[in-house]
Protein chains: 8
Amino acid sequence: MDQRQIYQLLCQVRSGAVSPDEAAGRLTAETEPEMRVGNYADIDLHREQRQGMPEVIYGEGKSVEQIAGIAAAMKEKNIPNVMITRLSREKADLLRSYEGLGLEYEAVPHIGFVNRKETEKRGKIAVVAAGTSDLPVAEEAAVTAETYGNFVERVYDVGVAGLHRLLHRLPALEDANVVVAVAGMEGALVSVVGGLVRCPVIGVPTSVGYGANFGGLAALLSMLNSCASGVSIVNIDNGFGAGVLASKINRQSVHE
Amino acid sequence: MDQRQIYQLLCQVRSGAVSPDEAAGRLTAETEPEMRVGNYADIDLHREQRQGMPEVIYGEGKSVEQIAGIAAAMKEKNIPNVMITRLSREKADLLRSYEGLGLEYEAVPHIGFVNRKETEKRGKIAVVAAGTSDLPVAEEAAVTAETYGNFVERVYDVGVAGLHRLLHRLPALEDANVVVAVAGMEGALVSVVGGLVRCPVIGVPTSVGYGANFGGLAALLSMLNSCASGVSIVNIDNGFGAGVLASKINRQSVHE
Amino acid sequence: MDQRQIYQLLCQVRSGAVSPDEAAGRLTAETEPEMRVGNYADIDLHREQRQGMPEVIYGEGKSVEQIAGIAAAMKEKNIPNVMITRLSREKADLLRSYEGLGLEYEAVPHIGFVNRKETEKRGKIAVVAAGTSDLPVAEEAAVTAETYGNFVERVYDVGVAGLHRLLHRLPALEDANVVVAVAGMEGALVSVVGGLVRCPVIGVPTSVGYGANFGGLAALLSMLNSCASGVSIVNIDNGFGAGVLASKINRQSVHE
Amino acid sequence: MDQRQIYQLLCQVRSGAVSPDEAAGRLTAETEPEMRVGNYADIDLHREQRQGMPEVIYGEGKSVEQIAGIAAAMKEKNIPNVMITRLSREKADLLRSYEGLGLEYEAVPHIGFVNRKETEKRGKIAVVAAGTSDLPVAEEAAVTAETYGNFVERVYDVGVAGLHRLLHRLPALEDANVVVAVAGMEGALVSVVGGLVRCPVIGVPTSVGYGANFGGLAALLSMLNSCASGVSIVNIDNGFGAGVLASKINRQSVHE
Amino acid sequence: MDQRQIYQLLCQVRSGAVSPDEAAGRLTAETEPEMRVGNYADIDLHREQRQGMPEVIYGEGKSVEQIAGIAAAMKEKNIPNVMITRLSREKADLLRSYEGLGLEYEAVPHIGFVNRKETEKRGKIAVVAAGTSDLPVAEEAAVTAETYGNFVERVYDVGVAGLHRLLHRLPALEDANVVVAVAGMEGALVSVVGGLVRCPVIGVPTSVGYGANFGGLAALLSMLNSCASGVSIVNIDNGFGAGVLASKINRQSVHE
Amino acid sequence: MDQRQIYQLLCQVRSGAVSPDEAAGRLTAETEPEMRVGNYADIDLHREQRQGMPEVIYGEGKSVEQIAGIAAAMKEKNIPNVMITRLSREKADLLRSYEGLGLEYEAVPHIGFVNRKETEKRGKIAVVAAGTSDLPVAEEAAVTAETYGNFVERVYDVGVAGLHRLLHRLPALEDANVVVAVAGMEGALVSVVGGLVRCPVIGVPTSVGYGANFGGLAALLSMLNSCASGVSIVNIDNGFGAGVLASKINRQSVHE
Amino acid sequence: MDQRQIYQLLCQVRSGAVSPDEAAGRLTAETEPEMRVGNYADIDLHREQRQGMPEVIYGEGKSVEQIAGIAAAMKEKNIPNVMITRLSREKADLLRSYEGLGLEYEAVPHIGFVNRKETEKRGKIAVVAAGTSDLPVAEEAAVTAETYGNFVERVYDVGVAGLHRLLHRLPALEDANVVVAVAGMEGALVSVVGGLVRCPVIGVPTSVGYGANFGGLAALLSMLNSCASGVSIVNIDNGFGAGVLASKINRQSVHE
Amino acid sequence: MDQRQIYQLLCQVRSGAVSPDEAAGRLTAETEPEMRVGNYADIDLHREQRQGMPEVIYGEGKSVEQIAGIAAAMKEKNIPNVMITRLSREKADLLRSYEGLGLEYEAVPHIGFVNRKETEKRGKIAVVAAGTSDLPVAEEAAVTAETYGNFVERVYDVGVAGLHRLLHRLPALEDANVVVAVAGMEGALVSVVGGLVRCPVIGVPTSVGYGANFGGLAALLSMLNSCASGVSIVNIDNGFGAGVLASKINRQSVHE
């Protein structure tokens, strides 16, 4: 039970919809203690049912032991599609030796999966990438979106210095509910795409480049200052965040 | 006829859906020359019908004469709700003296309107602002969204240092299709809101603050690094851009 | 009732210390609606009794009308010592014409007071400033601390380029429970003071300087990298924040 | 006689092409002393004949008296087309009262002229600008290029968010020997133009924008990281420098 | 005898409390020469008795030989709890081979100990950390504080994107005299904690994050601009400094 | 067929110069599908004939497999002089084992060649470098320019702190149509060269330096602010871009 | 008596050169209390005799009342040549009305003098400036150096884009003991001068420039990275600091 | 013969002191061609006799072959004390295998010597360093100064957080003609030393530190903004540059 639910419960108490006894009962049934792993993690076991999105482990800066501990605890609770993002190949190799974990690893986007399941897909997200070097980030967005139940169309290597490549692929963007545009260097792809499509566009600057690129800063500032409207941005190289946001927008947009 | 339409026409020619003669006829009927104002502007008269959004004039850096010239040309074409953003009170006062322009001015968000019309509204956008000083940006987002046909709920002065204020207003966010979160200082509002709602959240950092705020850089970086997923960002003080993007998401999300 | 109190109440319900009925009763008695001023402010009327510190209005970026509205509402609730920080002389002059507000204005630290009262003082805070130009920030810290019930000793114009001036004043720092060190330029004062006193030191970088000072960045970085331990920092020119923190430390340190 | 000429003279002495006596004679005939104005300026009277480009006065940071003194000295030597760049309207109004100076002032690019003459023009430079707010910089480039004897075609208000505007004007760029592309915001215009034309492209970032634009830094970094080849950059708002460089390239490219 | 003591002695001489002869005697008894190690270090042997805190060796940038030399000299003087901070595992392994040094190594916070002793503890410090990746810095603060004689309560993995986790742990913060809040990414934890507790809060930004995090800059700026009062900051990843400062505040706050 | 050609075709249709049928026929003959390599690259096979410059592969951030795939596809189409820039020695060694690729590798500028052919050369470009450490970037420019059919004169180790070295080599710059000036440290070479030659100068800042050089930022800013006119800049370490631009300028300048 | 003198006295006590009684006597005779002005300033009356340099008042950020108070106190003590640096014309006009102060004002370098006296001059300092706009800073250095008793030779408007101007003036630098080189824009003057003269060179970057100059940052970084040895730097626009340092070097260098 | 000498020769020709024939003869005798090494270096063989300082090789970014080539050419010309700065231990080990080169290597300051000779020393330079980690930079300054013929006094580990350590060593600074102050972290040492000594002070910021130190930026900005006069700065970690400048000042200051 998270704090929003606690608050809602109290509102119901106040309004009379729920009796104080009932409220106290629900609070007592709270099961959080078993969610703690070691002294270093506090897993949110109810997130899937609440947000419709699987819990995610950010792999960078965690030891292999910590990752294994958290993932095993989640698998035991039968949480499906536990994603481990930013998981280096070295850590993935070590994690494969943990018996019972059953890690699957996608090498390009550096994502590990535990307890992977097929998901049902609805609605379409287009992931557009400027250059071949931007693929790891683009794939992180694409694989995230697929895992969260969306169809994904990949439109890669369409940088604006050769506009015709993007224009040839325009029909692929027509029926998308949201476009994720991934680009390093000067990031101009976002402005051009933003001027061509009707749906929301999420820009993902990448750290691809050198010199006055400053680790993606050039693309980031360029996208933030885009003269196209209807465009917003996530952090440099944050394909995962773009995938999550695109999923939320797509899901809302699917009319049945 | 914009270049996407030109390209689509050619695709139809290629597929046989449209004959070359028909295509040539449509191209000849193209009327763009009359859209030019002086040597300084090239107005897009078909944008309303194409994108469902009124053309907008960015008021900063343009002279009063230029703004008046562009707005008059658009009014003559009967384009409704011509918005002039970032319009200072000084320029607005001067523009009011232009006969026949009929400028209306919203002082808080610094927006001018020419040929203002009532718009039909559907679906709800919540605009959340951390402090009283963030209101000009929040209102720019809110007024933009209203002009583009969305219901807007304003939730102001709910900075995270007094969490209870935000929590008391949570029900107002429940049925929004998208939340615009406006904050200066450290911009933590976006992370907290992002963790509390299900729908997409658009963060707008503001330049409110001093010292190591560096004109909104602190809030911008904070929001970009938000540990909450499903969050994206627009430029510092870009209430207009957030309003446009929120409109696009809300419109897609309305099921009828 | 803030959200911490709500949570504590529920803990008491869960533990049996408070009955559900009692809890619901307390929640119903909650009176927050009357705290709203216009659509732009949401005042925390219980803060004084909860935190022992008067509510504060940040004057920058608020209109005179907004400031007057908030201050009047607080005065009506008889909240003592309503401080308006970063209040320009121009706004102060306009606020003086608001009947019944009774604004008092301290010109050096740019602080306005409404419903000012004498406070009882305990324990000592030393405010040390490097140069005469740093006085507005130093006084903001000093006046804040006095308003919150602390004795303040001012030790001004003791920059490290003339070490003897600081050393002559060392005895004044001996019995302070906390030192606030205010400096612009290169901010070295904090490192030197940090090496000379036993108590906690709060560094306040100021924007005094020019050229590669970059609006206080030089002093800020210098203080953050101080080789002295037991030192922490607040934002550039944030005398108010230092005054509040010093008050908290001093209050805890007074043994009776 | 500049130091390159001194050195060449010595090389001729060394090779025997010029006798030592002859060399000493030429050095003695040197007339530089009369070029000094007050103690603050040292004018290069032979620059026109050497570089084929009129001497230029950078107006910012010079007093009206200094500008008048330098311009008068140059006019007296009958140097044609003395340009005063970055000349504010206020200074221009004051300079107009200097008798005999005969200042002419172009208000949009902030350029003053003394001893203005008609120049013969050859070859074509295209100046492309993204938005109406970029005109002062674009005009600085255009007027500079015209003054230096080049035909200039202006292609304004063709930002990439509405690609069709640029594509409609493409024929105007076909026969240019060099394109100057002027843009603020995210500066993507340079990448798109760089991918569409064969000739060299000079990017001029402008300080148009707000927030994370940081006074033109966003456009500057974007242009520096352009994925299009054959593109180079001058300083933010440096229309003059772009005009000079474009003149050099155009002049070399004219075949007769 | 440090320079503060020298000065105090002279004050006593001036006031008559100590005779000049006595003063000269004390100065002569000064024993500093034996504190020098090689030509690279000048150890402060009296610091423990003066400040109540063990001397500390900053391990980064020092060779293993230098660290061993300094630590051995201190152990010989029987200084307890010699801490070596930022000591890499590689150096620690090499130092273990130094006979007689008896190095103990805490791997998570990268701290080495020589001559480690049990310390008596009084009063409580809470160390709060946003994510698992922030543990090395949090543990540096916690172990430092324990070494300096404070009880420490660890509250880890309570990032603000899942507010309920922090709220569930609130009771653990209730009786702390000071809270150390450790967070990377956007650092919003400090603002939220600052609004929830009464005692002083020390923010420690960490370098955890990527992209526009810029090595902890995002968290640093966020914390500096916190809208919560009573909060101050130490350098990025400076868990040690936070631990020392927290110790000073806690020690002052313990009433017996 | 790129989008400029599509647009030109339509203009001809509109003007009657080409019939719609003819236009449709040309569009249908379009052969682009075979240009795709895997899902990661979209090669522009007609670029050589269109722009007169060989296609280039940016080697950084691409896997060896991707580079080999693209290069092999291009070789199969008999595209001459396929350049792979920023190709590390490690990748080059691996690529050499790909049968049939026939990679040649230039170690100093880190450029690989596939299907290398002799090119005919016309006109002269001078490449000037400040120090020995700048050679990799200078050679990238020089080898690029030679590959694109230009004579290149190398003038190396002529930093401005020993002006005589540059002055001794001045005659080598006399008959160049364009000068590429490569410098790290403070980049002053560009200003000095810009004041000495008549032709256009392209500045290439390098990342050579340390401390407040910030990876080439010092040289970049220095060059952007050059007081010499007729100078423009490319990205830090972008020898390739300078080589391409110099080629374009030189080619235009050759009169036959 | 400053803290260095206190320490030296104690050393003499320790060595027996001065008796404790004598030492105590001297300390008692200390007269510092009368040096305090208001609560905002602590004047160092013995500095002239100790350092041979008149006390200086930094005018920026001080009120007219504060400046007048300090200057009057110093004049009363008959301190000669009291300099007030960075004194705006507005403040100077107000200070002229203070009776008995006798302010003299140098408008170009913005320096005020109280109790101005003729000084005896020895040895030569050359002040070199790149452009006319750099004169205020160059004059601040020159006037400071003259006030402190040095001959100054001014060599102005010798920017490196026209190297011959600097070379013509080289003889003026031959017999200087130190050169102060003042330049904005790209600051290359320092590297070139540093390579031409034997004596120490002090670089002063100025804030002259625009765009990517960033208020003098470009010149600052350029000078710090100078490839010439024997060069050091002071803060942007810090002509005063350069003048003081040049005086120290020149004074040491004068052999009599 | 460098370009200053060429110019002086011409001045003598102009004044009649040297006949044209004589001048031509001297120019013809010029021997520069043999100074070139490969195509990558242009050695200045007369520098020792002209500037009294041995030629220096900057080792970073040069290959071992290039360093060996340059050093061997210089040794062959019998240039004494060829210094190779920033020479890594790896390169030094490789260079030792070059027969006949006779490399000597100082490991702490990373300096290699070829043809090392004893130098006569005069006058005293003090090198002061804040911490043990600053030693490599401090030693680079010290060894450079000794090589150039100065006595050096080392005063190490005297950071300002323990002021007494610096004060105890003050007598060592008394008779120095110049002080080099080396410090990382917050760099406050320079301000404190600058306030204690009479002679010029050269600050050398080091990259020692972490977090918001940003590779030495904190110390650099701190030193640039020093409130002490008579202080100037060289680049971060530039011990060599400080050593050269100190040598120039010391040499001028020695009176015989």
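Residues numbered from 1 in each chain as written. Chains lettered and ligands numbered in written order. Predicted model: local features only at pLDDT ≥ 70, side-chain atom pairs only at ≥ 80, totals over all residues. Heavy atoms only, no water.

**What to know about the sheet that holds strand E5 (residues 104-106) of chain C**
The strands that make up a sheet are held in pairs by hydrogen bonds between backbone atoms, and each pair lies either parallel or antiparallel. All names here are of chain C. We apply this condition: Only strands joined by at least two bridges in the DSSP assignment are considered to pair. To qualify as a helix, a DSSP run of H or I must reach at least 4 residues; to qualify as a strand, a run of E must reach at least 2; elements of each kind are numbered from the N terminus. Note on method: axes are straight lines fitted to C-alpha atoms, helices fitted across the in-contact stretch only, with angles between N-to-C directions ranging 0 to 180 degrees.
The mixed open sheet is built from four strands, whose spatial order is E3-E4-E6-E5. Only two strands of the sheet have a single partner each, and these edge strands are strand E3 (56-58) and E5. Shown here is a sheet whose adjacent strand axes are inclined to one another by a mean of 20°, direction ignored. Across three bridges, the pairing between E3 and strand E4 (residues 82-85) is parallel.

**What to know about the interface of chain A and chain B**
Convention followed: Whether two residues touch is decided by their heavy atoms; if any such pair falls within 4.5 Å, the residues are in contact. Summed over both partners, the accessible area (1.4 Å probe) lost when two parts come together is defined as the buried area. Counting of polar contacts relies on pairs of N or O atoms within 3.5 Å, with two restrictions inside protein: one atom must be capable of donating a hydrogen and the other of accepting it, and residues adjacent in sequence are counted only when both atoms are side-chain atoms.
Between chain A and chain B, the contact holds 37 residues from the first and 36 residues from the second. Across the interface of chain A and chain B, roughly 3,600 Å² is buried in total on both sides, 49% from carbon and sulfur atoms. Taken together, chain A and chain B are joined by 10 residue pairs in polar contact (both at pLDDT 80 or more). Listing elements by their share of the side of chain A that touches chain B, those giving two or more residues are helix H1 (3-15), helix H3 (47-51), helix H7 (163-168), helix H8 (171-174), helix H9 (189-196), helix H10 (217-224), strand E11 (231-233) and helix H11 (239-253) of chain A. Among the elements that line the side of chain A that touches chain B, the one with the most residues is H11 of chain A, at seven residues.

**Describing the domain arrangement of chain A**
Residue and element names in this part refer to chain A. Let me state the cut-off plainly: In this document the domain limits rely on a domain assignment from an automatic tool or a database. Ten residues, namely Ala, Val, Leu, Ile, Met, Phe, Trp, Tyr, Cys and Pro, are considered nonpolar, four, namely Asp, Glu, Lys and Arg, are considered charged, and the remaining ones, Gly among them, are considered polar.
Domain assignment breaks chain A into domain 1 (32-114) and domain 2 (122-255). Distance between the C-alpha centres of domain 1 and domain 2: 27 Å. In this complex, domain 1 contributes 13 residues to the contact, which on the side of domain 2 involves 15 residues. Both sides of the domain 1 and domain 2 interface together cover about 1,100 Å² of buried area, and 69% of this is carbon and sulfur. Between domain 1 and domain 2 we count one residue pair in polar contact (both at pLDDT 80 or more) in total. Of all the elements in the fold, those that place two or more residues in the side of domain 1 that touches domain 2 are strand E4 (82-85) and strand E6 (111-114). When grouped by side-chain class, the residues that make up the side of domain 1 that touches domain 2 number eight nonpolar, four polar and one charged.

**Considerations on the relation of the copies chain G and chain H**
Note the threshold: Least-squares superposition of the copies uses the C-alpha atoms of those residues scoring a pLDDT of at least 70 in each of them.
With an RMSD of 0.1 Å, the fit of chain G onto chain H corresponds to turning through 180° and sliding 0.0 Å along the axis. Taken together, the rotation and translation describe the operation of a two-fold axis. A share of 100% of the interface residues of chain G reappears at the interface of chain H, consistent with the copies meeting face to face through the same patch.

**What to know about the relation of the copies chain A and chain B**
You can overlay chain A on chain B at an RMSD of 0.1 Å; the transform is a turn of 180° with a shift of 0.0 Å along its axis. Most of the interface of chain A is mirrored in chain B, where 97% of its interface residues are also at the interface.

**Brief notes about the interface of chain G and chain H**
Heads up, the condition is: We count a salt bridge whenever a side-chain nitrogen from Lys or Arg sits within 4 Å of a carboxyl oxygen from Asp or Glu.
Taken together, the contacts link 36 residues of chain G with 36 residues of chain H. Both faces considered, chain G and chain H share a buried interface measuring about 3,600 Å² in area, 49% of it formed by carbon and sulfur atoms. The interface formed by chain G and chain H contains zero salt bridges. Run the count over chain G and chain H and you get 10 residue pairs in polar contact (both at pLDDT 80 or more). Contributing elements (two or more residues each) for the side of chain G that touches chain H: helix H1 (3-15), helix H3 (47-51), helix H7 (163-168), helix H8 (189-196), helix H9 (217-224), strand E11 (231-233) and helix H10 (239-253) of chain G. With seven residues, H10 of chain G is the largest single contributor of residues to the side of chain G that touches chain H.

**What about the environment of Gly 159 of chain E?**
All names here are of chain E. Locating Gly 159 in the fold gives a position in the loop between strand E8 (151-156) and helix H7 (163-168). In this structure the C-alpha to C-alpha distance between Gly 159 and Glu 65, which are 94 residues apart in sequence, comes to 41 Å. Aside from chain neighbours lying at most four places away, what touches Gly 159 is Ala 130 and Arg 165.

**Some points on the side chain of Asp 134 of chain H**
Put simply, the rule reads: Burial classes: relative accessible area under 20% of the type maximum marks a residue as buried, over 50% as exposed, and values in between as partly exposed (1.4 Å probe, protein chains only). In summary, the charge assignment counts Lys and Arg as positive and Asp and Glu as negative, without counting His or the chain termini.
Within the element layout of this structure, Asp 134 of chain H appears in the loop between strand E7 (124-129) and helix H6 (135-147). In this structure, Asp 134 of chain H is buried with no salt-bridge partner, the nearest side chain bearing the opposite charge being Lys 62 of chain E at 8.9 Å. Within polar-contact distance, the side chain of Asp 134 of chain H engages the side chain of Thr 206 of chain H at 2.8 Å.

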